[in-house]
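Residue strings, one per chain:
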Amino acid sequence: MAGEVELAQAMTEEYKDVARKLASPEVAANPQKIKSLGRRLAELKRVVDVYNRYQKAAEDLSDAKAIVAAGGEDAELFAPEVPELQRQFEHVDAELKDVLLPRDPDDARDAILEVKAGAGGEESALFAADLVRMYQRYGEQMGWSEQILSQTQTELGGYKDIQIAFRGKSTPEDPADGVWAHLKYEAGVHRVQRVPVTESQGRIHTSAAGVLVFAEVDDPGEVEIPDKDIRIDVFRSSGPGGQSVNTTDSAVRITHLPTGLVVSMQDEKSQIQNREAAMRVLRSRLRQMQLDKQAEENAQLRRSQVRTVDRSERIRTYNFPENRISDHRTGYKAYNLDQVLDGALQPLIDSARELEEKKRIEASAS
């Protein structure tokens, strides 16, 4: 346990240091720094709170044992309490070990979610719209705010692609309550089986839509993007079918030259607003690329994200005829698809979190 105690002590000192920084005038004038430091403070507070209880439990148990060992009237008084104090210490000792296990450092972050239509044409775009409504309703239940950064709709009301930023009301006290901590499990290919509205023969079709999720970069300093590394093109916004919806060149396309990443935004009213939105998405994507590269170098893939909407990579199937929802990663299955599409996502997310927790514990024990 010595190693855990030393780590807890170090994190306690870091907690004090972060708290001092948050109280400094220079940080108080920087909302982005406040958010990033506040997120770290919340992560550390979980450890500090448990460590304080650990210290008290250890002290109480030690004092009681010392009194009993000394003999006398006090020994008779404290002897019956030792087993209960021992139990309390063992409980908080296990709790400290658990809270010190490595966790996803991004859990408390907000997230950018992207839904892309895949195989299946118009039906896939309509299913993408169903997924978007599902996430919007789930976000409402969680008390998150949302901002549509970019969208390309079809004439029937589907989405070829859409990007939405989900944000929590404030930095969560427990990082596990963060937006990213919930939505990160949604990344992958989602498959649907149903009779499309465009099907005249009543045949069941299978199509798919892809979901990408990125932890949002709240401090631009985390991801430096030199001006020389990007090319910015401006053009006129367009709506479904390609018709022009704007008479000025307000839409923005940013190309990150070193990686070839391209981000386009046209939903905001001004070129400046579209550029800011595009840079938000670009920073989040570049940061994820850096994390994936680092994970691959360590031979411990941090997590996998779908890059193409390939049915063979599906994570979940939405079967309308049977009202069935199936998660292929966790084995979760239920017959309440209508409720899930109305935002009842928590049981599916919980099943993924439980699987991750199991793997995390197994990895720490090996």
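Preceding this paragraph is the structure being described.
Residues numbered from 1 in each chain as written. Predicted model: local features only at pLDDT ≥ 70, side-chain atom pairs only at ≥ 80, totals over all residues. Heavy atoms only, no water.

(A) Local environment of the environment of Ala-352. You can see Ala-352 is positioned in helix H10 (residues 346-365). Taking the C-alpha atoms as reference points, Ala-352 and Arg-329, separated by 23 residues in sequence, lie 7.6 Å from one another. Ala-352 has contacts with Tyr-185 and Thr-330, leaving out every residue within four places of it along the chain. (Helix = DSSP H or I, 4+ residues; strand = E, 2+ residues; numbered from the N terminus. Contact = heavy atoms within 4.5 Å.)

(B) Seen up close, the sheet that holds strand S7 (residues 251-256). Across the sheet, three strands lie side by side as S6-S7-S8; this open sheet has antiparallel pairing. Each edge of the open sheet carries a strand with a single partner, namely strand S6 (230-235) and strand S8 (261-265). Averaged over all neighbouring strand pairs, the angle between strand axes comes to 15°, with direction disregarded. For S7 and S8, the ladder comprises five bridges, and the chain directions are antiparallel. Its bridge partner lying in S8, Ile-254 is registered against Val-263. (Pairing = 2+ DSSP bridges. Axes fitted to C-alpha atoms, helices over the stretch in contact; angles between N-to-C directions.)

(C) Structural context of the nonpolar core. Counting 36 residues, the largest nonpolar core has Val-115, Leu-131, Tyr-135, Leu-183 and Tyr-318 as its most contacted members. Listed by contribution, the elements that provide at least two residues to this core are strand S1 (111-117), helix H6 (121-142), strand S3 (159-167), helix H7 (179-183), strand S5 (205-215), helix H9 (337-340) and H10. For this core, the leading source of residues is H6, giving eight residues. One finds Val-5, Val-18, Val-50 and Ala-57 within the second-largest nonpolar core, a separate group that totals 22 residues. (Core = buried A, V, L, I, M, F, W, Y, C linked by side-chain atoms within 4.5 Å. Buried < 20%, exposed > 50% of the residue type's maximum accessible area, 1.4 Å probe, protein only.)

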